[in-house]
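# Structural overview
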Amino acid sequence: RSLNIVAFGNERDGFSEDNQQLSLIWSYLGRSALISQMDSSLSASHVGNPGFTEYQACIFGNVRLVVHDCPVWDIFDSDWYTSCRLIGGADIIVIKYSVNDKTSFQELKDSYVPMVKKVLNHCSIPVIISAIGARKNGVPCTCPLCTSDRRSCVTTSEGVQLAKELGATYLELHTLNDFYIQKYFGGVLEYFMIQSLNQKSSEKMKKRKKTQKCHQVQPPQLEQPEKMPILKGEASHYNADLHNLLCCCQCADVAFYPEDLSTAVEAHKIILCSVSHLFMLLFGVKSPSDTHDASVVQLAQSLFAVEAGDPFPSSPHGVLPCVPPVRVVVKDSVFCSCLPDILHFIYSGAFQWERLEEDIRKKLKDPDKTEHVLEKVKCMLKTPGRPNTVKDCKSHQIKQLYNTSLRLFFNTPVLADVIFKIQGATVPAHRAVLVARCEVMAAMFNGNYLEANSILVPVYGVSKDTFLSFLEYLYTDSCCPASILQAMSLLICAEMYQVMRLQHICELYIITQLQSMPSRELASTSLSIVSLLKKAKFHNSDCLSTWLLHFIATNYLIFSQKPEFQELSVEERNFVEMHRWPSNLYLKQLADYRSYIHSQKCHCTVM
């Protein structure tokens with residue numbers, strides 16, 4: 001065993017004439033009763049670096065003590081690597097200074113203590129700061145050139161503050177006699193020696209135990225299962241779908257004309273009525289007696305006129321596809337000129353109010369006319385019986401008006417122009433919504449198909465509840481399956497009609513439900529995961545089928561015990577076996593470890 005002590009600093013007064021004064025370290029080594037053997041041949045400057053002196057001795061009988069005494073701090077400037085190596089290898093550090101050399105102390109505090117702190121940040125080493133000498137009470141020089149009088153003393157408080165900065169032990173040695181060296185300095189130094197030796201013995205014992213433990217047979221480490229593929233949701237394009245409906249004008253059932261009938265702007269009753277009570281009144285969805293707001297009735301009568309020849313109100317069962325759009329004359333010419341912008345605002349979700357204001361302002365270039373048109377739009381959008389304010393038309397107030405409003409017409413005969421016949425029941429719907437939200441239905445109702453000229457459309461291959469959930473998504477852009485099986489049925493319906501976002505929503509629902517299922521429930525459930533896998537593959541749900549394969553592999557111990565596991569194809573079985581958790585290698589290692597434990601007749605140390 002060995003101890004390394006590194007001492008920095010000069011305990012002699014720079015102006016002292018006593019050059020024969022012994023150093024603190026040499027005085028301690030020469031007088032301490034613990035020193036049993038002193039190697040005087042090394043009591044000289046180190047050959048490799050004359051900046052420090054090396055002493056070697058034996059303490060406590062068989063502990064080798066190595067001391068490096070560095071009286072000059074310049075070693076940090078001339079040989080930074082050596083100084084860092086000395087501090088890093090030290091068990092105890094001693095910093096010395098003379099109380100009568102204020103300049104050296106100030107240089108130590110400003111220049112070298114930060115360097116020592118930087119090195120000590122990486123290790124925990126006890127530090128002793130020794131203030132040596134009796135303070136001289138001479139009057140300091142008052143010469144202006146002597147701004148830092150070398151004869152002024154270092155106070156006790158300055159030394160204590162330095163010790164606090166380094167987390168060190170502070171000692172004042174007024175003279176290097178037997179009491180101060182052996183009893184005072186030696187007592188503190190020997191205390192840290194014992195502490196350091198105890199710490200080394202403890203670390204050595206821990207290392208020995210760790211080495212012995214490494215030679216024992218360890219239980220196998222169970223790695224975490226492979227991460228399953230992550231499914232990302234698809235962004236909603238609900239408002240974009242309905243806005244595209246206005247641009248292509250498919251299934252338009254209303255046309256707006258100016259009073260001279262020069263131009264026409266086509267639209268869809270269902271979209272207009274979902275946003276405005278005024279249009280509900282105009283197209284017969286509501287009667288004047290149902291609208292408890294005279295301003296809405298008055299605006300409808302003063303602003304629009306439904307052309308004679310079309311029933312007003314219209315038939316509750318809608319119109320045939322061959323019937324031309326209802327013609328509506330706009331009496332206000334200024335409002336009529338802004339009607340395309342207003343329709344774009346309505347079809348975009350009726351929440352981009354600031355953009356509508358800007359478009360109308362640029363078109364009319366007249367503040368009074370702009371305000372006139374905007375007030376009419378506000379009246380169109382207001383809820384009857386409630387006061388209408390500008391705040392009500394701000395974007396953040398009506399952002400979610402659209403998808404919640406179309407829900408009012410879901411599965412109702414009002415304005416319906418198509419009826420689906422499914423499992424002996426009928427489900428009314430609106431071609432405009434179906435064409436906007438589903439490309440397959442858009443082709444079906446606008447192409448050379450039988451459904452294009454029929455009101456009654458049969459549906460095969462899905463249940464009524466599943467088809468209603470599908471239509472609800474088209475109308476509201478949301479769906480809430482009641483179970484995993486219903487979500488799978490809805491996924492199949494979405495794949496049939498090529499509504500990819502709904503398919504992804506169903507995939508995420510199935511994955512979320514399976515992930516939240518505890519192992520005990522997964523083992524006892526009658527739900528066939530392999531059957532879900534087969535359906536997902538058959539209906540081109542690649543993301544879900546891949547995830548389900550990983551799910552079966554991750555829960556291998558559960559699914560391998562079920563009869564349905566035998567229904568996996570050879571390719572699927574190979575994939576599951578390759579990615580199974582826990583792996584065959586781990587199970588073999590575990591069996592070997594258990595055999596070893598039983599062969600050694602080991603007992604549980606805890607019990």
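Below, the structure is looked at part by part. (Residues numbered from 1 in each chain as written. Predicted model: local features only at pLDDT ≥ 70, side-chain atom pairs only at ≥ 80, totals over all residues. Heavy atoms only, no water.)

## Observations concerning the packing of helix α13 (residues 353–364) against helix α14 (residues 367–381)
When two helices pack together, you describe them by how their axes are tilted relative to each other and by the distance separating the axes. Orientation of α13 relative to α14, taken along the N-to-C sense of each, is 145 degrees, at an axis distance of 9 Å. In this structure, the crossing between α13 and α14 has a hand that is right-handed. Contact with α13, carried on its side by W353, L356, E357, I360, R361 and L364, involves K369, T370, V373, L374, V377, K378 and L381 of α14 and no other residues of that element. Residues of the contact of α13 with α14, tallied by class, amount to eight nonpolar, one polar and four charged. (Axes fitted to C-alpha atoms, helices over the stretch in contact; angles between N-to-C directions. Helix = DSSP H or I, 4+ residues; strand = E, 2+ residues; numbered from the N terminus. Left-handed = near helix turned anticlockwise from the far one by under 90°. Contact = heavy atoms within 4.5 Å. Nonpolar A, V, L, I, M, F, W, Y, C, P; charged D, E, K, R; others polar.)

## Re the sheet that holds strand β14 (residues 456–458)
With mixed pairing, the three strands of this open sheet are ordered in space as β13-β12-β14. Strands at the two margins of the open sheet, each flanked by one partner only, are β13 (425–429) and β14. The sheet shows a mean angle of 30 degrees between the axes of neighbouring strands, direction not considered. Inspection of the sheet shows strand β12 (residues 418–422) paired to β13 by five bridges, in the antiparallel sense. Bridge assignment links I422 to a residue of β13, and that residue is A425. (Pairing = 2+ DSSP bridges.)

## Description of helix α25 (residues 570–579)
Those residues of α25 not exposed but buried are E572, V576 and H579. Taken end-on, α25 shows its buried residues confined to a sector of 80 degrees, consistent with a single buried face. Seen from the open side of α25, the exposed residues pointing more than 90 degrees away from its buried face are V570, E571 and M578. Residues of α25 that are buried sit in contact with α22 (529–538), α23 (542–554) and α24 (556–559). (Buried < 20%, exposed > 50% of the residue type's maximum accessible area, 1.4 Å probe, protein only. Arc of directions from axis to C-beta.)

## Quick look at the environment of D178
By secondary structure assignment, the location of D178 is in helix α6 (residues 178–215). Looking at D178, the relative accessible area reads 45%, which means it is partly exposed. Residues D178 and R31, 147 residues apart in the sequence, show an inter-C-alpha distance of 7.6 Å. For D178, the residues in contact, after removing those within four places along its chain, are R31 and K183.

## Side note on the pattern of salt bridges
Counted under the stated rule, the structure contains 17 salt bridges. Linking K96 and E11 is a salt bridge whose minimum nitrogen-to-oxygen distance equals 3.3 Å. A residue pair is termed long-range when its members are at least 10 positions apart, and K96 in strand β5 (residues 92–98) and E11 in the loop between β1 (2–8) and α1 (24–31) qualify at 85 residues. The exposure class assigned to E11 is buried, which follows from its relative accessible area of 3%. A salt bridge links R437 to D477, with the nearest nitrogen and oxygen atoms 3.0 Å apart. Separated by 40 residues along the polypeptide, R437 in helix α16 (residues 431–437) and D477 in the loop between α18 (464–476) and α19 (484–496) bring together distant segments of the chain. Among the residues examined, D477 registers a relative accessible area of 13% and is labelled buried. If you follow the salt bridges from partner to partner, you end up with D241, R437, D477 and R501 in one network. (Salt bridge = Lys/Arg side-chain N within 4 Å of Asp/Glu carboxyl O.)

## Looking at the sheet that holds strand β9 (residues 265–267)
Sheet architecture is open: four strands sit in the order β9-β8-β11-β10, paired in mixed fashion. The strands lining the two open edges of the sheet, one partner per strand, are β9 and β10 (304–306). Averaged over all neighbouring strand pairs, the angle between strand axes comes to 30 degrees, with direction disregarded. Across four bridges, the pairing between strand β8 (residues 254–257) and strand β11 (residues 326–330) is parallel. Among the inter-strand pairings, F256 is bridged to a residue of β11, identified as V328. Packed onto the sheet, helix α12 (residues 339–347) meets β8, β9 and β11 and runs at close to 20 degrees relative to β9.

## A short note on the pairing of strand β4 (residues 63–70)
Across the eight residues of β4, seven count as buried, placing the element largely inside the fold. Bridge count for strand β3 (residues 53–59) against β4 is seven bridges, and the pairing is antiparallel. By the bridge assignment, T53 is partnered in β4 with D69.

## With respect to the layout of surface pockets
Approximately 300 Å³ is the volume attributed to the second largest pocket. Taken together, 16 residues make up the lining of the second largest pocket; nearest its centre are N10, P71, W73, S104 and E107. Every element with two or more residues in the lining of the second largest pocket is listed here: β5 and α4 (102–120). At five residues, the largest contribution of residues to the lining of the second largest pocket is made by α4. Looking at the lining of the second largest pocket residue by residue, the classes come out as seven nonpolar, four polar and five charged. (1 Å grid on protein atoms, 1.4 Å probe; cavity = no way out; pocket = protein on both sides within 12 Å on 5 of 7 lines; lining within 4 Å. Points joined across faces, edges and corners; volume = space filled by probe spheres on them.)

## Digging into the side chain of S130
Turning to its location among the elements, S130 is positioned in strand β6 (residues 127–132). Of the residues examined, S130 reaches a relative accessible area of 0% and is grouped as buried.

## Considerations on the packing of aromatic side chains
For the structure on display, the rule yields 20 aromatic pairs. Seen in terms of ring centroids, Y97 and F105 are 4.8 Å apart; in terms of plane orientation they differ by 55 degrees. Their pairing is tilted. In terms of burial, Y97 and F105 fall into one category: buried. Ring geometry for F304 versus F335: centroids 6.2 Å apart, planes at 80 degrees, classification edge-to-face. Residue F304 is found in strand β10, and its partner F335 is found in helix α11 (residues 333–337); the two are separated by 31 residues along the sequence. One exposure class covers both F304 and F335, and it is buried. (Phe/Tyr/Trp six-rings, centres within 6.5 Å; stacked < 30°, edge-to-face > 60°.)

## Focus: unusual backbone geometry
That bond from W581 to P582 is cis: its omega, 0 degrees, falls within 30 degrees of zero. Tracing the backbone shows P582 in the loop between α25 and α26 (584–600). In the Ramachandran plot, L261 falls in the positive-phi region, its phi being about 55 degrees despite a non-glycine side chain. By the secondary structure assignment, L261 is in the loop between β8 and β9. Of note, Q423 is a non-glycine position whose phi angle comes to about 50 degrees, a positive value. The residue Q423 is located in the loop between β12 and β13 in this model.

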